[in-house]
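Analysis of the macromolecular model
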Amino acid sequence: KPPMPNFTPLLSSTVAGVTRLKFFESASVLVGAVDWPNWMPRLAFAPQHSAPRGDTLIVVFLRGAADCLNVVVPHGDDAYYAKRPTLGIPRPDDNKAKANLRAVDLDGFFGFHPNLKPLVPAWQAGDLAIVHACGAPDESRSHFRAIELMERGVDDERGPASGWIGRHLATLDMAHPGQNRSPLRAIGLGQLPQRSLGGSVPVSALRSIADFHLGGDLKALAQMRAALNSLYSGDDPLSIVGQETLDIMDAVQALDPLRYTPQITNTQYPITEFGLGLKQIAMLIKAEVGLEVAAIDLGGWDTHFAQGGSEGLMAGLLKELGDGLAAFHEDTADAKHAGRLTIVTMSEFGRRVQENGSLGTDHGHGSLMMLMGGHVLGNKVHGQWPGLADGQLVGPGDLAVTTDYRDVLAEVCVKRLNNPAVEQIFPDYKATARGFLK
């Protein structure tokens, strides 16, 4: 007998109480691929030339509590430099610092970290906006609690156990049943789906589409497909979800990221798990598989020690973030896709304003969110800036939250995802429309 391929299913969400098998499992990262032809199939899950019921939403979660004050620098606030004599990013006009280490001015008061300079074209095009001093009301400063509550979209543990994206998809299905039956309508990049995706709508956990091709062993793949088809040939609940899994297998078999190249020939995604994850999302969007939501993480932001300023640990993460988002924006900037995408970045909370004795920053409160897309009210830093002077800080010395993160997400749901059911998506919260989107 020919050897069976190395195929390890991945457990994901449940449908009608039955665990659905997922097959996107890989620990490897695609490195060194060259000369990818511009080839892309179109699968028949979504109506041609139309978005699936609204924009495709990409949620980027910066896990570990990113230091928002060094992401988008308030260089016009003198207290920032007084409290960060070592970690502060030099002002754009600071001639004592090298030009490549200074903040990139945005509006005379705020500026990008220098490693986010690749995002300047999106900013200048009006496709990128910042919501500063943004976050959740929770002041526990606990990673676990903050992430749990934020991904569920609730104020405390007594709220619904499902995620806010899961409730968005479920309420959209209730309002428009049967409009999108794609097996790839919602994906989470990683070994397990993100908590925000949890709910009644099945989602897929995706690591590497390329590895699904099993090294080109098509005969082994066909044998496995036949065996699973026989196993799930009944009409019982397990067979139903098994057939859904087989539908996903058929869909992914037609996709090959090794043969995908961005339409803009000089677009280069970072050769990292984050960068290649964004590339796969772009590929799925262009294949029109009916993708509605993709969640992807970038971790490592818990910078208590040796955080660095313009250079160092956090600067490396910002380069990966900036390069990845800039490549995705450039790759999807064509007329067909630019107006059909909304990207949101978020983090569980920010960092303390005062740098600590280990040249890092401790857990704080206020953070920021980025919005990118063709319908963003861009080229603007939104939100009320509370200031960084001692009398303006909260708790042990943190940036205050002046915009609840749910106001941002609710506006995305209503204006870009065609879902007005925000009271169900964010229960026990009254969202305020603030004009972040056109």
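To be clear, the structure that these remarks concern was listed above.
Residues numbered from 1 in each chain as written. Predicted model: local features only at pLDDT ≥ 70, side-chain atom pairs only at ≥ 80, totals over all residues. Heavy atoms only, no water.

Considering the overall build of the chain
What counts here: Note on conventions: DSSP H or I runs of at least 4 residues are helices, E runs of at least 2 residues are strands, and numbering of each starts at the N terminus. To sort residues, take the accessible area from a 1.4 Å probe on protein chains only and compare it with the maximum for the residue type: under 20% means buried, over 50% means exposed, and anything in between is partly exposed. Each accessible area is a Shrake-Rupley result for a 1.4 Å probe, and residues are judged covered by the shown protein chains and nothing else.
Check the secondary structure of the chain and you find twelve helices and 14 strands. Within the chain, buried positions represent 58% of all 438 residues. Here the chain has roughly 17,600 Å² of accessible surface; of this, 54% comes from carbon and sulfur atoms.

Side note on the side chain of H75
Threshold: Polar contacts, as used here, are pairs of N or O atoms within 3.5 Å; protein pairs need one atom able to donate a hydrogen and one able to accept it. Residues neighboring in sequence count only if both atoms are side-chain atoms. Between two residues, a contact is recorded if the distance between any of their heavy atoms is within 4.5 Å.
Within the secondary structure layout, H75 lies in the loop between β4 (72-73) and α2 (78-83). In terms of polar contacts, H75 uses its side chain to reach the backbone carbonyl oxygen of F110, at 3.3 Å. Filtering out sequence-adjacent residues up to four positions away, H75 remains in contact with Y81, R91, P92, D105, G108, F109, F110 and G111.

Re the sheet that holds strand β5 (residues 104-105)
This is how the line gets drawn: DSSP bridges decide pairing: two strands pair if at least two such bridges lie between them.
Ordered in space as β4-β6-β5, the three strands form an open sheet in which the pairing is antiparallel. Across the chains shown, the open sheet's two edge strands, defined by having one partner strand only, are β4 and β5. Here two bridges tie β4 to strand β6 (residues 111-112), and the two strands are oriented antiparallel to one another. Across the sheet, the residue bridging to V73 is G111, located in β6.

Here's the deal with the pattern of salt bridges
As a reminder, the rule being used: Here a salt bridge means any side-chain nitrogen of Lys or Arg lying within 4 Å of a carboxyl oxygen belonging to Asp or Glu.
Counted by the stated rule, this structure contains 25 salt bridges. When the shortest N-O distance is used, the salt bridge between D297 and R63 registers 2.8 Å. Here R63 lies in strand β3 (residues 56-63) and D297 lies in strand β10 (residues 293-299), a separation of 234 residues in the sequence. One salt bridge in this structure joins R434 and D407, with 2.8 Å as the shortest N-O distance. Of this pair, R434 sits in the segment after α12 (422-425) while D407 sits in helix α11 (residues 405-415), placing them 27 residues apart in sequence. The network of salt bridges with common partners includes E139, R141, R352 and D398.

Remarks on helix α4 (residues 143-152)
Counting buried residues along α4, seven of its ten residues qualify, which places the element largely inside the surrounding structure. Among the residues of α4, those classed as buried are A146, I147, E148, L149, M150, E151 and R152. Looking at the buried positions of α4, the neighbouring elements they touch are β3, α5 (164-175), β11 (341-346) and α11. G153 sits one or two positions beyond α4 and adopts a positive phi of about 70°.

Regarding the pairing of β11
Among the six residues in β11, six count as buried, and that is most of the element. Bridge count for β3 against β11 is six bridges, and the pairing is parallel. Bridged to V59 within β11 is V344. In this sheet, strand β12 (residues 367-373) lies alongside β11 in antiparallel orientation, the contact comprising four bridges. Counterpart to V344 in the pairing with β12 is L371.

Regarding the packing of aromatic side chains
The relative placement of two aromatic rings is captured by the distance of their centres and the angle of their planes. The following threshold applies: Each aromatic pair joins two rings of Phe, Tyr and Trp (for Trp, the six-membered one) with centres within 6.5 Å, and gets the label stacked for planes under 30 degrees apart, edge-to-face for over 60, and tilted for any other angle.
Taken as a whole and judged by the stated rule, the model has six aromatic pairs. Their ring planes at 85° and their centres at 4.8 Å tell us that Y80 and Y81 sit as a pair that is edge-to-face. By relative accessible area, which is 0% here, Y80 ends up buried. We classify Y81 as buried; its relative accessible area is 18%. Between F112 and W123, the aromatic rings sit 6.0 Å apart at their centres with planes inclined by 75°, giving edge-to-face as the arrangement. Separated by eleven residues along the polypeptide, F112 in strand β6 and W123 in helix α3 (residues 120-124) bring together distant segments of the chain. On the accessibility criterion, F112 (0% relative accessible area) is buried.

Here's the deal with the environment of L128
Of note, L128 is situated in strand β7 (residues 128-135). Judged by relative accessible area, which is 0%, L128 ranks as buried. As a C-alpha pair, L128 and L371 span 243 residues in sequence and 5.7 Å in three-dimensional space.

Let's talk about the nonpolar core
To keep it simple, the criterion reads: In plain words, nonpolar cores are sets of buried Ala, Val, Leu, Ile, Met, Phe, Trp, Tyr and Cys residues tied together by side-chain atoms within 4.5 Å.
One finds I58, F112, I281 and F328 to be the most contacted residues of the largest nonpolar core, which totals 64 residues. Excluding its chain neighbours within four sequence positions, the residues that come into contact with F328 are I58, Y269, L278, I281, A282, I285, L341 and I343. Formed by 37 residues, the second largest nonpolar core is a distinct cluster that contains A136, L197, V293 and C413.

Remarks on α5
The condition is simple: A helix is expected to span 1.5 Å for every residue after the first.
Its twelve residues give α5 an end-to-end C-alpha distance of 17 Å, which sits within 8% of 16 Å, the value for a rise of 1.5 Å per residue. Counting buried positions along α5 yields nine of twelve residues, so the element is predominantly enclosed. For α5, the full list of buried residues reads W164, I165, G166, R167, H168, L169, A170, T171 and L172. Buried residues along α5 sit in contact with β3, α4, β8 (186-189), β10, α11 and α12.

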